[in-house]
Amino acid sequence: MNLTKRTTRTRTTRLAALAAAATAALIGGAAGPVAAAPPAPLAYVSLGDSYASGFGAGSYVNACGQSPLGLPGILDSKKQVELVADATCAGAKAASEAGGALDLPEQVARVTATGALSPSTDLVTISAGGNDAGFGQVAGVCATRPTAECEQFIVAQNATALPALERTLDTVYSTVGSAAPGATVVVTGYPHLFSPEAGTPVLLPVASQIAFNDATDAVNAVIRVRAEAHGFTFVDLVQKFEGHGLGSTDPWITFQPGAIDNLHPTAEGYRSGYFPAVRSSVNLA
């Protein structure tokens, strides 16, 4: 073999390799490292009653009492979350009732049919059970009758309503879990509507305020047990609203004579009560 030709060929090959390496380095240096794409926002579906829709916050956009100042609107305003369906409606029950509001089973069926609730759903929030337990009726009785009658009515109401609520929630939670198996499902309880420690008889006598709050605790206990049994996250709002019930100097609960949205969180209640509680459960900034 001709050594001159081999040396020339070797030199040429090395030069070509060096040239290729230099070109690659220049191109890489010019372009820089490829930036990581930001994570896609969480696909979010909101279900439930008036405490889910934002009733009490004002600025309602429809007859269901949905408000951009409620929890769904607040979450949707965060870059990590995209609200793909808000099926919430004031008056909704966990149980389906002919002629009632858009109850939870109908809400679930609707968002499933549209594809909003699916294996691609990342986050679901649910608030339901208060209407099934007769919060409105209890408030009416306790506001107009002596505390003893208020307490008796609560006992009678809970004896029938709470066992039925357990069964209803099991059915609905199973449906949600099957439709969105990969989603984080956050179930919110109800805040105490009254601050009896303030000693102010707003709407209800102080003793009846205590009875009403105890009734709320009983409903929350049912919701917590059934939610956790399905692997959902229960968010307790009682502590967040402590010192901000009716009767306090800084209430986060609405009450104005004649108002249609009485006994619901105010915009501040959703912003400073609901949002921080839910945010911590899903690790939002």
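Calculation rules
Every chain is numbered independently, its residues counted from 1 as its sequence is written. Thresholds applied to this predicted model are a pLDDT of at least 70 for local features of residues and 80 or more for the giving and counting of side-chain atom pairs; totals over whole chains, interfaces and linings are not thresholded and use all residues. By convention in this description, side-chain values take in all heavy atoms of the structure and omit both hydrogens and water. In this description, a disulfide is simply a cysteine sulfur pair whose atoms lie within 2.5 Å. Each residue's exposure class comes from its accessible area (1.4 Å probe, protein chains only) as a fraction of the maximum for that residue type: buried when under 20%, exposed when over 50%, partly exposed otherwise. Angles run from 0 to 180 degrees between N-to-C directions of axes, and those axes are lines fitted to C-alpha atoms, restricted for helices to the stretch in contact. Secondary structure counts use DSSP, requiring at least four H or I residues in a row for a helix and at least two E residues in a row for a strand, with both numbered from the N terminus. These descriptions rest on fixed angle ranges, namely under 35 degrees for roughly parallel, over 145 for roughly antiparallel, 65 to 115 for roughly perpendicular, and the rest for oblique. Throughout, a residue-residue contact means that at least one pair of heavy atoms, one from each residue, lies within 4.5 Å. Each residue receives one of three labels: charged for Asp, Glu, Lys and Arg, nonpolar for Ala, Val, Leu, Ile, Met, Phe, Trp, Tyr, Cys and Pro, and polar for the others, Gly being one of them. We call a crossing left-handed when the near helix sits turned anticlockwise from the far one by less than a right angle, and right-handed when that turn is clockwise. Within this analysis, the arc is defined by the directions that extend from the helix axis to the C-beta atoms. To qualify as a nonpolar core, a set must consist of buried Ala, Val, Leu, Ile, Met, Phe, Trp, Tyr and Cys residues joined through side-chain atoms within 4.5 Å. Aromatic pairs are defined between Phe, Tyr and Trp rings, using the six-membered ring for Trp, whenever the two ring centres lie within 6.5 Å; interplanar angles under 30 degrees are classed as stacked, those over 60 as edge-to-face, and all others as tilted. Expected helix span is taken as 1.5 Å per residue step, with the number of steps being one fewer than the number of residues. In this analysis, strands are considered paired if DSSP registers two or more bridges between them.

**So, the state of the cysteines**
Put plainly, a disulfide is one covalent bond tying together the sulfur atoms of two cysteines. A full pass over the atoms with the stated rule returns two disulfides. Here C142 engages in a disulfide with C150; their sulfurs sit 2.0 Å apart. Taking the sign of the torsion about the S-S bond as the criterion, the disulfide between C142 and C150, at about 80 degrees, is right-handed. Across this residue pair, the class does not change: C142 and C150 are buried. For the protein, numbering the cysteines in disulfides from first to last along the sequence yields the connectivity 1-2, 3-4.

**As for the packing of helix α4 (residues 104-113) against helix α6 (residues 147-179)**
Contact geometry of α4 with α6 gives a least axis separation of 10 Å together with a crossing angle of 10 degrees. Classified by the interaxial angle, the pair formed by α4 and α6 is roughly parallel. Across the interface between the two elements, L104, P105, V108 and T112 from α4 touch V172, T175, V176 and A179 from α6. Per-class residue counts for the contact of α4 with α6 are six nonpolar, two polar and no charged.

**Some details on the packing of helix α5 (residues 135-144) against α6**
Across the interface, α5 lies against α6 with an axial gap of 8 Å and an inter-helix angle of 160 degrees. The angle between the axes of α5 and α6 places the two elements in the roughly antiparallel class. For the crossing formed where α5 meets α6, the hand is right-handed. Along its contact with α5, which presents Q137, V138, V141 and C142, the element α6 presents E149, C150, F153, I154 and Q157. When grouped by side-chain class, the residues that make up the contact of α5 with α6 number six nonpolar, two polar and one charged.

**Thoughts on the environment of A227**
As for its position among the elements, A227 is in helix α7 (residues 206-229). Among the residues examined, A227 registers a relative accessible area of 0% and is labelled buried. For A227, the residues in contact, after removing those within four places along its chain, are Y173, V187 and F232.

**Re α4**
Those residues of α4 that fall on the buried side of the exposure criterion are L104, Q107, V108 and V111. Take α4 and look down its axis: the buried residues cluster within an arc of 95 degrees, on one side only. Buried positions along α4 lie against β1 (42-48), β2 (81-86), β3 (123-127) and α6. Note on α4: the residue one or two positions beyond its end, G115, has a positive phi of about 85 degrees.

**Structural notes on the nonpolar core**
Membership of the largest hydrophobic core comes to 68 residues, with the highest contact counts inside it found for L47, V124 and I126. Of the residues forming this core, the biggest block, nine residues, is contributed by α6. The contact partners of I126, leaving out residues within four places of it in the chain, are L47, L104, Y173, V176, V185, V186, V187 and T188.

**A closer look at the packing of aromatic side chains**
Tallying each qualifying case throughout the model produces nine aromatic pairs. With a centroid separation of 5.1 Å and 85 degrees between ring planes, the pair formed by Y51 and Y190 is classed as edge-to-face. Separated by 139 residues along the polypeptide, Y51 in helix α2 (residues 50-53) and Y190 in the loop between β4 (184-188) and α7 bring together distant segments of the chain. One exposure class covers both Y51 and Y190, and it is buried. Both rings, one in Y270 and one in Y274, keep their centres 5.2 Å apart while their planes meet at 50 degrees; by these two values the pair is tilted. In this pair, Y270 and Y274 are both assigned in helix α8 (residues 267-282), four residues apart and thus about one turn of the helix distant. Aromatic ring contacts, followed pair by pair, group Y51, F135, Y190, F194 and F212 into a single cluster.

**Here we look at α7**
The terminal C-alpha atoms of α7, which comprises 24 residues, lie 35 Å apart, in line with the 34 Å expected from a rise of 1.5 Å per residue. Among all positions of α7, only S208, Q209, A211, F212, N213, A215, T216, V219, N220, V222, I223 and A227 are buried. G231 lies just past α7 and shows a positive phi near 80 degrees.

**A short note on the sheet that holds β4**
The strand order β2-β1-β3-β4-β5 describes an open sheet built from five strands, whose pairing is parallel. Edge strands, defined here as strands with exactly one partner in the open sheet, are β2 and β5 (233-235). Neighbour-to-neighbour, the strand axes of the sheet open up by a mean angle of 25 degrees, direction not taken into account. Judged from the four bridges that link them, β3 and β4 form a sheet pairing that is parallel. Within β4, the position partnered with I126 by the bridge is V187. The sheet strands contacting α4 are β1, β2 and β3, and the helix crosses β1 at an angle near 150 degrees.

The quantities given are spatial measurements derived from coordinates; they are silent on function.
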